[in-house]
Amino acid sequence: MLLDLEMRQVYASELLRMMEIDESIIVIDADLARANGTLGIRDRFPDRALDVGVAEANMASIAAGLASYGFKPFISTFCPFATRRICDQITISIAYAKQNVKIVGTEPGVAAEFNGGTHMSIEDVGVVRSIPGIVIFEPVDQVQLLQAMPQIAAYDGPMYIRLFRKKPTHVFDEATYRFELFKADLLQEGTDVTLFATGIHVSIALEAAELLKEKGVSAEVVNVHTIKPIDKDTVIRSVQKTGCAVTCENHNIYGGLGSAVAEVLSEHHPVPIKYVGVDDSFLIVGKIPPLLEKFHMTKNDIVDKALESIEMKRK
Amino acid sequence: MTIDTYAALEKKCREVRYLTFDAIGTLGVGHLGGSFSAVDALVVLYYRHLRFDPKQPKMEGRDRFVLSKGHAGPALYAILADHGIIDKSELSTLNRHETRLPSHADMNRTPGIDMTTGSLGQGLSCAVGIAVGSKIKKDGARVYCMIGDGESNEGQIWEAAMYAAHMHLDNLIVFTDYNKMQVDGQTKDILGLEPICDKWISFGWNAERVDGHDVKAIDEAIDRAKAIKGKPCMIILDTLKGKGISFIEEIWQNNHNVNVTPVQHEAGLAELAKEGF
Ligand SMILES: Cc1ncc(C[n+]2csc(CCOP(=O)(O)OP(=O)(O)O)c2C)c(N)n1
Ligand SMILES: [Mg+2]
């Protein structure tokens, strides 16, 4: 059922549902509605579903104008065009002007697959994270996204949502999971090392934790779905117990989750931290699994870094 | 490699479509519509006008081509392969792991590609930069560029348009692949461009509109553009998205990025081969 849906379908259907009850919600696309699942919304709400064409900068500032007029715009395109391409429009029209615009980027990092290097955003979190006043949220699976949508809509301010478009590996249990924006999820308790993960790397980190268990290592796994503002308490509390960390993300190791965790820990509770992510290089065309291998972002890479991190703690 | 007769150019277009479709069909998915609509203009350009040496693809002073709608890379790769700049056997590596032939044109990966593109709207500005550079160096190079009609939604296209005219770049000849389609629908429904020719003229360009699948019309338009002094030239190509294979043409409103089954792969190749090349 829910797990049969792609993330874009969950996103679009939930948006549509909320538009039925909240007349201020408006969606804007930039010629990628078909790709992002939002195309059907214009049939139901022709007035509140715009498509500005391949013009992302225009889309961002139009959204700011609509927000200043009392609307709650959700704008979407692929991650690189939702962030780096329109960095100044996000900064000035949206963030500086304090406008309530939700920016949805799809196909983060390696997820762009056949679209290749130009479409693979490994800097988007870094770009947005350095702009004051924008929340950054990266959902893991359908269960988490479904619960997040009303909270996203209810939050009054700019937000960047980094959305994997297709079917992700299932992580959260529909019956028991309770999502809270801004609050990191402790997925698995451990005592030797904390794996902080986001997006597609949450399931990979959980697999790595299994491998570590076979090696006699007890890994704690934390899903930092809200990368900014980061849940400092949960991050600090976890390493107070484990004493070292590995960050795991589908992004450059500079500027993303790794940097966010390091900023918190270096200031409040310095411990060894290792980073799994793209080591500052551009990505290439290809399918997700070989790309994760090539750019050292697999469960085995997490295991290696975890062992190194534990080793550093001992020194 | 110059082709003299229009009949031979038409044959070459079929061959290039054959190679392009084979590469995309082998993979099973690709940007077919926008590759196919562009083929005829690319063939006329690469076999009649562009001055370059396939043996020295980086030769100084050569003419340049910027494929601003970078997702049509597969059509360009077929032409580069036909010129021997890359091997024809390499076409089947399209979009495979570690390939030199990614979806979008990449100057650092593929020999013969003059500029990296894929983020729409930027290539035309790059072409303007190259044209300015050639003017400064006085090397007599011409710069050609192709943009999409959907791509023309980007504000940067019009920034480049103003600057090129302001700089009197008569060494710049640009095509718009006016296939009337973008991803979300027909261009007229998403963001209409009409009157498209008048827009470019009002921006200070020489502009004309021709049948983008008529090699003679394209050839003559390029000849006329080369003779224009003092301003850049826009050639609007009326095209059909997916032109060349009947069952791809039929879905012209939904062939931007298509899956190709093995059966379709065979059928498409057979259709293109039927008329011969
Ligand atoms: C800046 C940017 N935004 C969005 C995209 C995604 N995209 C790729 S092709 C395309 C539609 C382009 O339409 P058009 O220029 O008409 O291309 P064609 O019909 O020739 O294929 C879009 C939106 C992109 N590559 N770059
Ligand atoms: Mg088009």
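Everything numeric in this text was worked out from a predicted model, so none of it was measured. (Residues numbered from 1 in each chain as written. Chains lettered and ligands numbered in written order. Predicted model: local features only at pLDDT ≥ 70, side-chain atom pairs only at ≥ 80, totals over all residues. Heavy atoms only, no water.)

Draft legend 1. Spatial organisation of the overall build of chain B. For chain B, the count of helices and strands is ten helices and seven strands. Relative to the compact-globule value of 19 Å for 277 residues, chain B shows a C-alpha radius of gyration of 17 Å, a close match. Overall, chain B is about 50 × 45 × 35 Å in size when its C-alpha atoms are taken along their principal axes. The proportion of buried residues among the 277 residues of chain B is 60%. Restricting the contact set of chain B to residue pairs at least 6 apart, pairs at least 24 apart contribute 75%. As displayed, chain B offers around 10700 Å² of accessible surface, 52% of which is attributable to carbon and sulfur atoms. Between the centroid of the 31 positive side chains of chain B and the centroid of its 37 negative side chains there is a distance of 5 Å. (Helix = DSSP H or I, 4+ residues; strand = E, 2+ residues; numbered from the N terminus. Rg over C-alpha atoms; globule rule 2.2 N^0.38 Å. Buried < 20%, exposed > 50% of the residue type's maximum accessible area, 1.4 Å probe, protein only. Contact = heavy atoms within 4.5 Å. Areas by Shrake-Rupley, 256 points an atom, 1.4 Å probe, with all protein chains shown as cover. Lys, Arg positive; Asp, Glu negative; His and termini not counted. Charge placed at Lys NZ, Arg CZ, Asp CG, Glu CD.)

Draft legend 2. Representation of the pattern of salt bridges. Residues and elements named next belong to chain A. For the structure on display, the rule yields 41 salt bridges over all chains. The partner of Arg 162 in a salt bridge is Glu 138, and the shortest N-O contact between them spans 3.1 Å. Taken together, the residues span a long stretch of sequence, with Arg 162 in strand S6 (residues 159–163) and Glu 138 in the loop between strand S5 (135–137) and helix H8 (142–154) at a distance of 24 residues. Side by side, Arg 162 and Glu 138 carry an identical accessibility label, which is buried. (Salt bridge = Lys/Arg side-chain N within 4 Å of Asp/Glu carboxyl O.)

Draft legend 3. Molecular detail of helix H1 (residues 7–21) of chain A. Taking 1.5 Å per residue as the helical rise, H1 of chain A with its 15 residues ought to reach 21 Å, and the 22 Å between its terminal C-alpha atoms agrees with that figure. Among the residues of H1 of chain A, those classed as buried are Met 7, Arg 8, Val 10, Tyr 11, Ala 12, Glu 14, Leu 15, Met 18 and Met 19 of chain A. (Expected span 1.5 Å × (residues − 1).)

Draft legend 4. Spotlight on the domain arrangement of chain A. All names here are of chain A. Per the domain assignment, the segments making up chain A are domain 1 (2–163) and domain 2 (185–314). For domain 1 versus domain 2, the distance between C-alpha centres works out to 26 Å. Opposite the 28 residues of domain 1 that make contact, domain 2 presents 30 residues. Ranking the residues of domain 1 by area buried against domain 2 places Val 110, Ile 122 and Arg 129 at the top, with a combined share of 34%. In this structure, the connection of domain 1 to domain 2 is made through one salt bridge. Between Arg 129 and Glu 263 there is a salt bridge; the shortest N-O distance is 2.8 Å. In this structure, the connection of domain 1 to domain 2 is made through 18 residue pairs in polar contact (both at pLDDT 80 or more). (Domains from an automatic or database assignment. Buried area = accessible area lost by both parts, 1.4 Å probe. Polar contact = N/O pair within 3.5 Å; in protein donor to acceptor, adjacent residues only side chain to side chain.)

Draft legend 5. Representation of the site of ligand 1. As a structural note, the neighbourhood of ligand 1 is formed by 24 residues, with Glu 56 of chain A together with Lys 69, His 71, Asp 149 and Lys 241 of chain B the closest of them. The site occupied by ligand 1 is bordered by residues of chains A and B. Between ligand 1 and Glu 56 of chain A there is a distance of 2.5 Å, counted from a nitrogen atom to a side-chain nitrogen or oxygen. Between ligand 1 and the protein, one listed contact pairs a nitrogen atom with a backbone N or O atom of Leu 120 of chain B at 3.0 Å. Contact with the protein chains covers 99% of the free accessible surface of ligand 1, which is 590 Å². Of the residues contributing to the shell around ligand 1, the split by class is six nonpolar, ten polar and eight charged. (Near = heavy atom within 4 Å. Nonpolar A, V, L, I, M, F, W, Y, C, P; charged D, E, K, R; others polar.)

Draft legend 6. Main features of the interface of chain B and chain A. Facing the 31 residues of chain B at the interface are 25 residues of chain A. On the surface where chain B and chain A come into contact, there are three salt bridges. Arg 42 of chain A is the partner of Asp 184 of chain B in a salt bridge, and the nearest nitrogen-oxygen pair spans 4.0 Å. Counting across the interface, chain B meets chain A through 17 residue pairs in polar contact (both at pLDDT 80 or more). Of the residues assigned to the side of chain B that touches chain A, the class counts are seven nonpolar, 18 polar and six charged.

Draft legend 7. Broad picture of the sheet that holds strand S6 (residues 233–238) of chain B. All names here are of chain B. Reading across the sheet, the five strands line up as S2-S3-S4-S6-S5 and stay open at both edges, with parallel pairing between neighbours. Edge positions in the open sheet fall to strand S2 (64–67) and strand S5 (206–211), since each of these has one partner strand only. On average, each strand axis in the sheet is tilted by 20 degrees relative to the strand beside it, whichever way the strands run. With six bridges joining them, S5 and S6 adopt parallel strand pairing. (Pairing = 2+ DSSP bridges. Axes fitted to C-alpha atoms, helices over the stretch in contact; angles between N-to-C directions.)

Draft legend 8. The arrangement of the nonpolar core in detail. Ranked by size, the top nonpolar core spans 65 residues in total, and within it Leu 15, Phe 74, Val 193, Leu 195 and Ile 302 of chain A carry the most contacts. The residues that make up this core include at least three from each of domain 1 (2–163) and domain 2 (185–314) of chain A. For Phe 74 of chain A, the contacting residues outside a window of four places in its chain are Tyr 11, Leu 15, Ile 25, Ile 26, Val 27, Ile 28, Lys 102, Val 104, Met 149, Ile 152 and Ala 153 of chain A. Grouped together as the second largest cluster of nonpolar side chains are 57 residues, Ile 3, Phe 21, Leu 91 and Ile 218 of chain B included. (Core = buried A, V, L, I, M, F, W, Y, C linked by side-chain atoms within 4.5 Å.)

Draft legend 9. Focus on the packing of aromatic side chains. All names here are of chain B. Summed over the entire model, instances satisfying the criterion amount to eleven aromatic pairs over all chains. Aromatic pair Tyr 46 and Phe 52: ring centres 5.5 Å apart, planes at 70 degrees, arrangement edge-to-face. Classification of Tyr 46 by relative accessible area gives buried; the value is 3%. Taken together through their ring pairs, the aromatic side chains of Trp 158, Trp 200, Phe 203 and Trp 205 make up a single cluster. (Phe/Tyr/Trp six-rings, centres within 6.5 Å; stacked < 30°, edge-to-face > 60°.)

Draft legend 10. Seen up close, the pairing of strand S11 (residues 245–252) of chain A. Residue and element names in this part refer to chain A. Extensive coverage of S11 is indicated by the burial of eight of its eight residues. Direction of pairing for S11 relative to strand S12 (residues 273–278): parallel, over a ladder of five bridges. Across the sheet, the residue bridging to Ala 245 is Ile 273, located in S12. What joins S11 to S12 is helix H11 (residues 257–268), and the crossover it makes is right-handed. (Right-handed = clockwise from strand over helix to strand, strands pointing away.)

Draft legend 11. Structural detail: the sheet that holds strand S2 (residues 49–51) of chain A. Residues and elements named next belong to chain A. The strand order across the open sheet built from seven strands is S2-S1-S3-S4-S6-S5-S10, with neighbouring strands paired in mixed fashion. Sheet topology places S2 and strand S10 (226–228) at the edges, where each strand pairs with a single neighbour. For this sheet the average axis-to-axis angle between neighbouring strands, irrespective of direction, equals 20 degrees. Here five bridges tie strand S3 (residues 72–78) to strand S4 (residues 102–106), and the two strands are oriented parallel to one another. Bridge pairing links Thr 77 to Gly 105 in S4. Here H8 sits on the sheet and contacts strand S1 (25–29), S3, S4, S5 and S6; the angle it forms with S3, its principal contact strand, is near 135 degrees.

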